Amino acid sequence: EAQVTQNPRYLITVTGKKLTVTCSQNMNHEYMSWYRQDPGLGLRQIYYSMNVEVTDKGDVPEGYKVSRKEKRNFPLILESPSPNQTSLYFCASSTSGSPSATQYFGPGTRLTVL
Amino acid sequence: GEDVEQSLFLSVREGDSSVINCTYTDSSSTYLYWYKQEPGAGLQLLTYIFSNMDMKQDQRLTVLLNKKDKHLSLRIADTQTGDSAIYFCAEFSSNTGKLIFGQGTTLQVKP
């Protein structure tokens, strides 16, 4: 089944403790991105990747890192999480960054930073 | 900068039509989208419309675009309880090459 998977789905952590949220897609998509969803703000893009080893900042990249060593994986790294990073995170992938390419979203990761 | 605005909540009775509205500011928008988010799930693309179109119909869904007023709407005919979800409007800005989302409209369908 074609899908985007994220792990973990839920995570409660404390300020400053490094964490990684994994994202994997099995559709051979070139384009992948991370969003955060906050009440009243919709989705905001954190980082995106047009292809392997190519990543770029979205609208809210501060406090996050990403890597794209393989086509299928695009992990999101929080080196030193803070409470303002408590949010619902979505990974998405598409065949390309073209606006006509449908983005497929993962199920989301709900992160709480205490 | 680019901005996409939606009302936050809409409640309708089962069988009625629902109309969810969206306004945007970026005149360089080329594609406009409607996504659906069911509880506990990611976003799913429902439909999209090119900026040179004014209407698109897909089964129970009708999208209307008024480019002059920068207004987009999604009409769901014969709304069902399974349509209860959050609906996001989004635009692709050719200025920035980014997808800009609205805040989402929660649609509640009462039996």
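Refer to the preceding data block for the structure.
Below is a summary of the structure that appears in this document. The structure presented is a predicted model; accordingly, all values stated were derived computationally and were not measured.

**Digging into the state of the cysteines**
1) Next: Tallied over the full model, the rule gives two disulfides over all chains.
2) Next: Covalent S-S linkage joins Cys-23 of chain A and Cys-91 of chain A, the inter-sulfur distance amounting to 1.8 Å. In this structure, the disulfide formed by Cys-23 of chain A and Cys-91 of chain A twists by about -70° around the S-S bond and is classed as left-handed. Note that Cys-23 of chain A is positioned in strand 3 (residues 19-25) and Cys-91 of chain A in strand 9 (residues 87-94), a separation of 68 residues in sequence. With respect to class, Cys-23 of chain A is no different from Cys-91 of chain A; both count as buried.
3) Next: The side chain of Cys-22 of chain B participates in a disulfide bridge whose partner is Cys-89 of chain B; the two sulfur atoms lie 2.0 Å from each other. Judged by the torsion about the S-S bond (-65°), the Cys-22 of chain B/Cys-89 of chain B disulfide is left-handed. Of this pair, Cys-22 of chain B sits in strand 3 (residues 18-24) while Cys-89 of chain B sits in strand 9 (residues 85-93), placing them 67 residues apart in sequence. Residues Cys-22 of chain B and Cys-89 of chain B agree in their burial class; the two are buried.

About the thresholds
All residue numbers refer to positions counted from 1 along the written sequence of the respective chain. Going through the entries in the order they are written, you letter the chains from A and number the ligands from 1. The model is predicted, so local features are restricted to residues of pLDDT at least 70 and side-chain atom pairs to those at 80 or more, both for listing and for counting; the totals for chains, interfaces and linings are taken over all residues. The side-chain values count all of the structure's non-hydrogen atoms but skip hydrogen atoms and water molecules. Two cysteine sulfur atoms make up a disulfide if the distance between them is within 2.5 Å. Helical segments are the DSSP runs of H or I of at least four residues, strand segments are the runs of E of at least two, and each set is numbered from the N terminus. Relative accessible area decides the class of each residue, using a 1.4 Å probe on protein chains only: under 20% of the type maximum gives buried, over 50% gives exposed, and in between gives partly exposed.

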